[in-house]
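For reference, the chains in residue letters:
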Amino acid sequence: MSTERIFNFSAGPAVLPEIVLDEASRHLKSLRDSGMSVLEMSHRSQEVSEIFDSAVANIRILANVPDDYHVLFLQGGATQQFAMVPLNLLSENGSADYVITGSWSKKAFKEAQRFGSVRIVGSSEDQDFVRIPTEHELEFSSDAEYLHITSNNTIFGTQWRSTPPGSTTAPVVVDASSDIFSRPIDVSRHGLIYAGAQKNLGPAGVTLVIVKDEIIRTKKLPERVPTMLRYATFADSASLYNTPPVFAIYIVGLVVKWLLQKGGLTAVAESNEQKAGKLYSILDSSNFYQGTADPHSRSLMNVTFRLPNEELEKRFLTQATNAGLVGLKGHRSVGGLRASIYNAFPEEGVETLTSFMREFERKSG
Ligand SMILES: *Cc1c(COP(=O)(O)O)cnc(C)c1O
């Protein structure tokens, strides 16, 4: 373990496994025996083709992706998916359902409104997004072409217990940007899963899309839809229609290999529950720290909390930073504090934070 690394609680871009950074830096100047950096390689080269194939193959193993699903690497972030999803899946006279559980799902919904008829079938906005609506609060439409949900609400610290919600019949589209591969997922029960890589999967610059072949073939897209905004373009070219972000995909491949070595998604989920459990148990046993999310909707990825006043929060942040605990400031839209503890965040860092929190409460409480 190198001692100069601090504990990075940033919400994204976020911490990567140290073992991945070590491997990438060991090979940075020359990948295996190539005499060339992966940063310099043609995306049509044999080496890059192997990197892509093995990343896709390992993702298929990790998430048990069925054969009739594509594993694609796109650009434009999760935000571009807010447009690509309706552009590719919503027909002129059709409509889609959206559940609004935070700022990102609101943005996804707003963007979809550009393309056609979309409905809000559940929302926790009137409760400041502190919870995920329960199943019986959701009113799915019988004719929706898809249902869109955000599995983890990065800003508000809430997370669906599992996806998809039980009683929907439409193909389910999930923005899993901040909890992709943090727990087992039944891909076969989803139509499309997307995630910007920079939270739980790798560096910024690549978006993972796992999509069922059938749902990107049904709708005949108008001629004017740009080639680069069609899922079929990526599905038909194995994500190599144009120059892809090779380095970002290479790192995603290493992260996925690391997840498999850790024992796969069940083992990863156990570790995430353990880490989050330590923080929530502090919030629950203290009158000084106040968790902001409803206990039934708590996120295992982003733990949000407040102190008795903003003055104390400021002092907490400064002292935490000085103690090597960095990135704990809540999102600028909600304030407070947020500990983002994605897959790659080490348990040791959570323990260091919990000790710091106890000590800070003792001094200031
Ligand atoms: C960060 C985030 C986004 C935005 O991702 P970009 O890659 O920056 O476009 C979308 N959805 C969720 C849930 C996020 O956490």
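What counts and how
Residues numbered from 1 in each chain as written. Predicted model: local features only at pLDDT ≥ 70, side-chain atom pairs only at ≥ 80, totals over all residues. Heavy atoms only, no water. Helix = DSSP H or I, 4+ residues; strand = E, 2+ residues; numbered from the N terminus. Contact = heavy atoms within 4.5 Å. Expected span 1.5 Å × (residues − 1). Buried < 20%, exposed > 50% of the residue type's maximum accessible area, 1.4 Å probe, protein only. Arc of directions from axis to C-beta. Near = heavy atom within 4 Å. Polar contact = N/O pair within 3.5 Å; in protein donor to acceptor, adjacent residues only side chain to side chain. Areas by Shrake-Rupley, 256 points an atom, 1.4 Å probe, with all protein chains shown as cover. Nonpolar A, V, L, I, M, F, W, Y, C, P; charged D, E, K, R; others polar. Domains from an automatic or database assignment. Buried area = accessible area lost by both parts, 1.4 Å probe. Salt bridge = Lys/Arg side-chain N within 4 Å of Asp/Glu carboxyl O. Axes fitted to C-alpha atoms, helices over the stretch in contact; angles between N-to-C directions. Parallel < 35°, antiparallel > 145°, perpendicular 65-115°, else oblique. Core = buried A, V, L, I, M, F, W, Y, C linked by side-chain atoms within 4.5 Å. Pairing = 2+ DSSP bridges.

K.L.:
Account for the side chain of serine 10, naming residues and giving values.
P.N.:
Here serine 10 lies in the loop between strand 1 (7-8) and helix 1 (18-26). Non-local contacts of serine 10, meaning those with residues more than four positions away in its chain, are made with Val326, Gly327, Ser340 and Tyr342.

K.L.:
With reference to specific residues and values, describe helix 2 (residues 46-63).
P.N.:
Here helix 2 is 18 residues long and its end C-alpha atoms lie 26 Å apart, about the 26 Å a rise of 1.5 Å per residue gives. Every buried residue of helix 2 is listed here: Val48, Ile51, Phe52, Ala55, Val56, Asn58, Ile59, Leu62 and Ala63. Across the axial projection of helix 2, the buried residues extend over an arc of 165°, all falling on one side. Turned more than 90 degrees off the buried face of helix 2, the exposed positions are Gln46, Asp53 and Ile61. As for helix 2, its buried residues are in contact with strand 2 (69-74), strand 10 (207-212), helix 6 (246-261) and helix 7 (264-284).

K.L.:
Could you give an account of the site of the ligand, naming the residues involved and the relevant values?
P.N.:
Neighbouring the ligand are 13 residues, the closest being Thr79, Thr154, Asp175, Gln198 and Lys199. Alanine 78 is positioned with one of its backbone polar atoms (N or O) 3.0 Å from an oxygen atom of the ligand. Between the ligand and threonine 79 there is a distance of 2.5 Å, counted from an oxygen atom to a side-chain nitrogen or oxygen. The protein chains hide 88% of the 390 Å² of surface that the ligand would expose on its own. Considering every element that reaches the shell around the ligand, the biggest residue donor is helix 3 (residues 77-89), with four residues. Each residue belonging to the shell around the ligand can be placed in one class, and the counts come to three nonpolar, eight polar and two charged.

K.L.:
Can you break down the domain arrangement of the protein chain residue by residue, with the values?
P.N.:
Each assigned domain of the protein chain is listed here: domain 1 (22-261) and domain 2 (263-364). Measuring from the centre of the C-alpha atoms in domain 1 to the corresponding centre in domain 2 gives 27 Å. Between domain 1 and domain 2, the residue contacts involve 27 residues of the former and 26 residues of the latter. Each partner contributes to the roughly 2,000 Å² buried at the junction of domain 1 and domain 2, and carbon and sulfur atoms together form 54% of this total. Linking domain 1 to domain 2 there are zero salt bridges. The interface formed by domain 1 and domain 2 holds 18 residue pairs in polar contact (both at pLDDT 80 or more) in total. Where the side of domain 1 that touches domain 2 is concerned, the elements lending two or more residues are helix 2, strand 7 (158-159) and helix 6.

K.L.:
Any details on the packing of helix 7 against helix 9 (residues 347-364)? Residues and values, ideally.
P.N.:
Between helix 7 and helix 9, whose axes approach to 9 Å, the crossing angle comes to 5°. Regarding the angle of helix 7 to helix 9, the classification is roughly parallel. On helix 9, the residues touching Gln274, Lys275, Lys278, Leu279, Ile282 and Leu283 of helix 7 are Glu347, Val350, Glu351, Leu353, Thr354, Met357 and Arg358. A class-by-class count of the residues in the contact of helix 7 with helix 9 yields six nonpolar, two polar and five charged.

K.L.:
Got a sec to walk through the nonpolar core? Specific residues and values, please.
P.N.:
If you look at the biggest cluster of nonpolar residues, it comprises 81 residues, and the most contacted ones within it are Phe181, Tyr289, Phe316 and Leu353. Per element, the largest residue contribution to this core is eleven residues, and it comes from helix 6. In this structure, phenylalanine 316 is in contact with Tyr289, Phe305, Leu307, Leu328, Leu337, Leu353, Phe356, Met357 and Phe360, ignoring residues within four places of it in sequence. Ranked by size, the runner-up nonpolar core spans 29 residues in total, among them Ala78, Val118, Tyr146 and Ile155.

K.L.:
Hey, could you go over the sheet that holds strand 8 (residues 172-175) for me, with residue numbers and the actual values?
P.N.:
Overall, mixed pairing links the seven strands, which are arranged 2-10-9-8-5-3-4 in an open sheet. Every other strand in the sheet has two partners, leaving strand 2 and strand 4 (117-123) as the edge strands with one partner each. In this sheet, neighbouring strand axes are inclined to one another by 20° on average, regardless of whether the strands run parallel or antiparallel. Where strand 2 lies against strand 10, six bridges are found, and the strand directions are antiparallel. Opposite leucine 74, over in strand 10, you have threonine 207 as the bridge partner. This element, helix 3, spans strand 2, strand 3 (95-100), strand 8, strand 9 (192-196) and strand 10 of the sheet and lies at about 155° to strand 9. In this fold helix 4 (residues 103-112) packs onto strand 3, strand 4, strand 5 (147-150), strand 8 and strand 9, with an angle of close to 160° to the strand it touches most, strand 3.

K.L.:
Could you give me a rundown of the pairing of strand 5, with the residues and numbers involved?
P.N.:
The two faces of strand 5 match: Leu147 and Ile149 on one face and His148 and Thr150 on the other face are all buried. Relative to strand 5, strand 3 is paired through two bridges, and the arrangement is parallel. Each residue of the ladder has a partner; that of aspartate 97, found in strand 5, is leucine 147. Note: strand 5 against strand 8, four bridges, orientation parallel. By the bridge assignment for strand 8, histidine 148 is matched with valine 173.

K.L.:
Explain unusual backbone geometry to me, and be specific about the residues and the numbers.
P.N.:
Backbone torsion omega between glycine 12 and proline 13 reads -10°, so that peptide bond is classified as cis. In this structure, proline 13 sits in the loop between strand 1 and helix 1. Look at the link from threonine 163 to proline 164: it is a cis peptide, with omega at -5°. Relative to the elements of secondary structure, proline 164 occurs in the loop between strand 7 and strand 8. Of note in the backbone geometry, arginine 32 takes a positive phi value of approximately 45° without being a glycine. Positionally, arginine 32 belongs in the loop between helix 1 and helix 2. Positive phi values are uncommon outside glycine, yet alanine 238 reaches one of about 50°.

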